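Here are the chains, one letter per residue:
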Amino acid sequence: GYHVCLFSYGQTGSGKTHTMQGSGNGAMRGIIPRAVEQILSQAAMMQSQRWTFTIKASFLEIYNEELKDLLVMMNPDGSMKPRDARTATKLSIKRNTEGKSFVDGIN
């Protein structure tokens, strides 16, 4: 399999979140929804050719040295949950016995 990381870095207010997440549908979609759509489209095509595979994904934000699970903030239809309905699980970066990094607490 492949491990992929999209990393956005820059000044506050420079448009990182908008570039990654977008705002709305169509031309206003960000990199993340476009990439997910492309991956799922390819997966559907490959499944029709009898391929079997597993796709796992997580979307994190690191801001002021704090990790946030961006998928916890979304409903299954892609709309945002109200702030009081979002769970506040504390996430942390750890290393396993093989020395590989992972985020503890991410689904």
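Residues numbered from 1 in each chain as written. Predicted model: local features only at pLDDT ≥ 70, side-chain atom pairs only at ≥ 80, totals over all residues. Heavy atoms only, no water.

Our focus in this paragraph is the pairing of strand 1 (residues 60-63). Relative to strand 2 (residues 66-69), strand 1 runs antiparallel, the two being bridged by four bridges. Counterpart to Glu61 in the pairing with strand 2 is Lys68. (Pairing = 2+ DSSP bridges. Helix = DSSP H or I, 4+ residues; strand = E, 2+ residues; numbered from the N terminus.)

Not every positive phi belongs to a glycine, and Asn64 is a case in point at roughly 50 degrees. As for its position among the elements, Asn64 is in the loop between strand 1 and strand 2. Residue class for Asn64 comes out exposed when judged on its relative accessible area of 65%. With a phi angle near 60 degrees, Glu65 is a residue other than glycine that sits in the positive phi range. Mapped onto the elements of the fold, Glu65 is located in the loop between strand 1 and strand 2. (Buried < 20%, exposed > 50% of the residue type's maximum accessible area, 1.4 Å probe, protein only.)

Aromatic ring pairs are reported here in terms of the distance separating the ring centres and the angle at which the planes meet. Under the criterion given, the structure shown has one aromatic pair. A ring pair is formed by Phe7 and Tyr9, whose centres lie 6.4 Å apart and whose planes are at 10 degrees; its orientation type is stacked. As far as burial versus exposure is concerned, Phe7 and Tyr9 are alike and both exposed. (Phe/Tyr/Trp six-rings, centres within 6.5 Å; stacked < 30°, edge-to-face > 60°.)

Another aspect to go through is the pattern of salt bridges. Taken as a whole, this structure holds three salt bridges when the rule is applied. With a shortest N-O distance of 3.8 Å, Glu61 and Lys68 are connected by a salt bridge. The class for Glu61 is partly exposed, based on a relative accessible area of 25%. A salt bridge links Asp104 to Lys94, with the shortest nitrogen-to-oxygen separation between them at 3.1 Å. With Asp104 in strand 4 (residues 101-104) and Lys94 in strand 3 (residues 92-95), this pair connects stretches of sequence that are 10 residues apart. (Salt bridge = Lys/Arg side-chain N within 4 Å of Asp/Glu carboxyl O.)

Any functional reading would require information beyond the geometric quantities listed.
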